[in-house]
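Structural features, examined
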Amino acid sequence: MTATSLLFKWLSAACFCLASPLVQAATPIPGLTPVDMRGLWFPKSEAGAAQCASYLGRHPVEPEQGALVIHERQMVQWLQPGQSTTIFVTDVQPRRRNTWRIQGLVDAPPYEVPKVLETYVLELRQDELHWSSRREDAQLSDKVDTSVFSRCGY
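Given the structure is predicted, the values throughout are model-derived calculations rather than measurements.

Rules behind the numbers
Residues numbered from 1 in each chain as written. Predicted model: local features only at pLDDT ≥ 70, side-chain atom pairs only at ≥ 80, totals over all residues. Heavy atoms only, no water. Salt bridge = Lys/Arg side-chain N within 4 Å of Asp/Glu carboxyl O. Buried < 20%, exposed > 50% of the residue type's maximum accessible area, 1.4 Å probe, protein only. Helix = DSSP H or I, 4+ residues; strand = E, 2+ residues; numbered from the N terminus. Pairing = 2+ DSSP bridges. Disulfide = S-S within 2.5 Å.

Some words on the pattern of salt bridges
Two side chains of opposite charge can pair, provided their charged atoms sit close to one another. What the rule picks out here adds up to 6 salt bridges. Asp 107 is the salt-bridge partner of Lys 115, the closest N and O atoms lying 3.9 Å from each other. The exposure class assigned to Asp 107 is buried, which follows from its relative accessible area of 13%.

Some words on the pairing of strand E7 (residues 128-133)
Side chains on a regular strand alternate between the two faces of the sheet. Most of E7 is tucked away, with 6 of its 6 residues classed as buried. The alternating pattern of E7 places Glu 128, His 130 and Ser 132 on one face and Leu 129, Trp 131 and Ser 133 on the opposite face, and all of these are buried. Here strand E6 (residues 116-125) pairs with E7 via 6 bridges, running antiparallel. Looking at the pairing, Val 121 lines up with Ser 132 of E7. Here E6 folds back onto E7, and the loop between the two strands holds 2 residues, one of which, Gln 126, carries a positive phi near 55°. Relative to strand E8 (residues 145-152), E7 runs antiparallel, the two being bridged by 6 bridges. Its bridge partner lying in E8, Ser 133 is registered against Asp 145.

Some points on unusual backbone geometry
A positive phi is found at Asn 98, a non-glycine position, where the angle reads about 65°. With respect to the helices and strands, the residue Asn 98 is situated in the loop between strand E4 (83-96) and strand E5 (99-107).

Quick notes on the state of the cysteines
Two cysteines whose sulfur atoms are joined by a covalent bond form what is called a disulfide. Scanning the entire structure with this criterion turns up 1 disulfide. Two residues, Cys 52 and Cys 152, share a disulfide whose sulfurs are 2.0 Å apart. As the torsion about the S-S bond is roughly 95°, the Cys 52-Cys 152 disulfide counts as right-handed. Here Cys 152 lies in strand E8 and Cys 52 lies in helix H2 (residues 46-58), a separation of 100 residues in the sequence. Accessibility assignment for this pair places Cys 52 and Cys 152 in one class, buried.

So, the pairing of E4
Both strand E3 (residues 74-80) and E4 contribute to a ladder of 6 bridges, which runs antiparallel. Bridge pairing in E4 places Gln 80 opposite Gln 83. Adjacent in sequence and paired antiparallel, E3 and E4 are bridged by 2 residues, among which Gly 82 carries a positive phi angle near 85°. In this sheet, E5 lies alongside E4 in antiparallel orientation, the contact comprising 9 bridges. Each bridged residue has a counterpart across the sheet, and for Gln 93 the counterpart in E5 is Arg 101. Between the antiparallel neighbours E4 and E5 lie 2 residues, among them Asn 98 with a positive phi of about 65°.

As structure tokens, then:
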């Protein structure tokens with residue numbers, strides 16, 4: 001072996017060791033929502049903006065009806081006071097830039113019924129979150145329901 005080939009092997013190994021943690025940090029962890037998606041969201045409307053301002057002003061125990069909170073492994077949407085739909089995230093797959101397919105077990109009132117696995121597509125457009133879903137019994141040709149949320153707070 002020549003000194004040049006030893007130097008090349010040493011430099012290659014050093015670059016690999018330095019780059020490996022960076023690649024791991026950029027790779028999403030399965031079952032975790034993307035960091036930019038996490039937080040408190042309200043429907044994008046004048047009423048949603050008023051609800052956000054009200055929430056930030058008084059910091060209640062739970063947000064008002066229509067609010068969506070996204071955590072690492074679950075998403076919670078408030079239906080009415082004391083009732084919410086919780087989606088326990090089981091899989092997150094990137095579709096394209098700022099768009100993910102998320103599957104989760106849905107726990108909705110009445111909470112005694114078995115949880116159902118549902119699939120959603122979530123897309124971030126600056127401070128807007130577009131949440132698309134299709135009814136459980138819908139055909140592929142049926143319209144997809146999309147809700148638009150605005151970030152509240154941070």
